Amino acid sequence: QNLDTRIDVGRAKYELKDLAITINEMIDRIQDGYRKQQRFVSDVSHELRTPISVINGYANMLDRWGKNDPEILQESIDAMKNEAGNMSDLVEKLLFLARHDRDALKYEITEVNLSEIVEEVAKETAMIDSEHDICADLTSGIWIEGDPNRIKQVIRIFVDNAVKYTPEGKKIQIRAFIENEFSVVEITDAGIGISKDDLDNIFERFYRADESRTKTTGGYGLGLSIAKVIVLQHGGKIKVRTKPGIGSRFSIYLPTLSRK
Ligand code: ADP
């Protein structure tokens, strides 16, 4: 984090009290940054420990029994591949956030047909998820300015979450429409919902509600922080309405391209 509260020594006309306040503020910010850094390192280590010990376990099993047993051999290879995939997914997400933090993310900005992107995500999801009733209600020809790949990444995060946190057989609705100067994508699920306390934290890195941790859905609690970064970068905002046991509605607002 940049420390923009540096004292301009050349022009300093501070009374001693003002100086003390400024220095205290600086110390608070440094301490806050340091605590966040510590928590981040501990979260990452924690998340990496599980796949590493799974891979280790299977490697040992292979070593002892796998050489002469094709079934154990195949099971171990599959499990190790799967865990390596999870680790690489985690590292990709961390690299994304690290690049964002040091302003090194590249956005390829063009005119983007938002309706088409949302339709693609809805179709792709419906193709691989037969457990939910996925329906899309999209106004066509909504244009925004942005990076099409990043926008698709954002929509995917919300739709994937709706799928993950909604029981089988329930409805997931995806809408796209224009509201004032904004293009809105709205994902509504009839899922587990989010409690008030959790709602304050779900956009924090690595945060997962207890209910999600205990489920076998997988995930690292990084999706929403990535989505937030991208939406803010596009001049947009995200609103959430949710009720535990009833469902959630995530609305993504992006500035509409006015020339279209
Ligand atoms: P992940 O889904 O990988 O855990 P996210 O950052 O995408 O991470 O989401 C953070 C947390 O927010 C989830 O763990 C879950 O507790 C909650 N959450 C997100 N989307 C939903 C949803 N549609 N319904 C219920 N809970 C959700």
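The following refers to the structure shown. All figures in this text were calculated on a predicted structure; none of them were measured in a lab. (Residues numbered from 1 in each chain as written. Predicted model: local features only at pLDDT ≥ 70, side-chain atom pairs only at ≥ 80, totals over all residues. Heavy atoms only, no water.)

**A few points about the nonpolar core**
Alright, step 1. Ranked by internal contacts, the top residues of the largest apolar core, which has 43 residues, are Leu114, Ile155, Phe158, Ile187 and Ile252.
Alright, step 2. If you list the elements that add at least two residues to this core, you get helix H2 (70-101), helix H3 (114-128), helix H4 (148-164), strand E4 (171-179), strand E5 (182-189), helix H7 (223-233) and strand E7 (247-255).
Alright, step 3. It is H4 that contributes the most residues to this core, seven residues altogether.
Alright, step 4. If sequence neighbours within four positions are ignored, Ile252 has contacts with Val154, Ile155, Phe158, Ser183, Val184, Val185, Ile187, Val231 and Lys237. (Core = buried A, V, L, I, M, F, W, Y, C linked by side-chain atoms within 4.5 Å. Buried < 20%, exposed > 50% of the residue type's maximum accessible area, 1.4 Å probe, protein only. Helix = DSSP H or I, 4+ residues; strand = E, 2+ residues; numbered from the N terminus. Contact = heavy atoms within 4.5 Å.)

**Here's the deal with the pairing of E5**
Alright, step 1. Within E5, eight of the eight residues are buried, which leaves it mostly tucked inside the rest of the structure.
Alright, step 2. Covered by surrounding structure in E5 are Phe182, Val184, Glu186 and Thr188 together with Ser183, Val185, Ile187 and Asp189, the residues of both alternating faces.
Alright, step 3. Here eight bridges tie E4 to E5, and the two strands are oriented antiparallel to one another. Each residue of the ladder has a partner; that of Ile172, found in E5, is Asp189.
Alright, step 4. The hairpin formed by E4 and E5 contains two residues between the paired strands, and Asn180 there has a positive phi angle of roughly 50 degrees. (Pairing = 2+ DSSP bridges.)

**Considering unusual backbone geometry**
Alright, step 1. Here Asp103, not a glycine, exhibits a phi torsion of approximately 55 degrees, which is positive.
Alright, step 2. On the secondary structure map, Asp103 appears in the loop between H2 and strand E1 (110-113).
Alright, step 3. Its identity as a non-glycine residue notwithstanding, Phe206 has a phi of 75 degrees, on the positive side.
Alright, step 4. Along the chain, Phe206 turns up in the loop between helix H5 (196-199) and helix H6 (210-214).
Alright, step 5. Owing to a relative accessible area of 7%, Phe206 belongs among the buried residues under this scheme.

**Here we look at the environment of Tyr58**
Alright, step 1. Within the element layout of this structure, Tyr58 appears in helix H1 (residues 16-65).
Alright, step 2. As a C-alpha pair, Tyr58 and Leu232 span 174 residues in sequence and 42 Å in three-dimensional space.
Alright, step 3. Not counting residues within four places of it along the chain, the set of residues in contact with Tyr58 comprises Glu75, Ser76, Ala79 and Met80.

**Some points on the packing of H4 against H7**
Alright, step 1. The geometry of H4 relative to H7 is characterised by a closest axis approach of 9 Å and an angle of 145 degrees between their N-to-C directions. Judged by the twist between their axes, the crossing of H4 over H7 is left-handed. Touching Arg150, Gln153, Val154, Ile157, Phe158 and Asn161 of H4 are Gly223, Leu224, Ile226, Ala227, Ile230 and Val231, all from H7.
Alright, step 2. Class assignment for the residues of the contact of H4 with H7 results in eight nonpolar, three polar and one charged. (Axes fitted to C-alpha atoms, helices over the stretch in contact; angles between N-to-C directions. Left-handed = near helix turned anticlockwise from the far one by under 90°. Nonpolar A, V, L, I, M, F, W, Y, C, P; charged D, E, K, R; others polar.)

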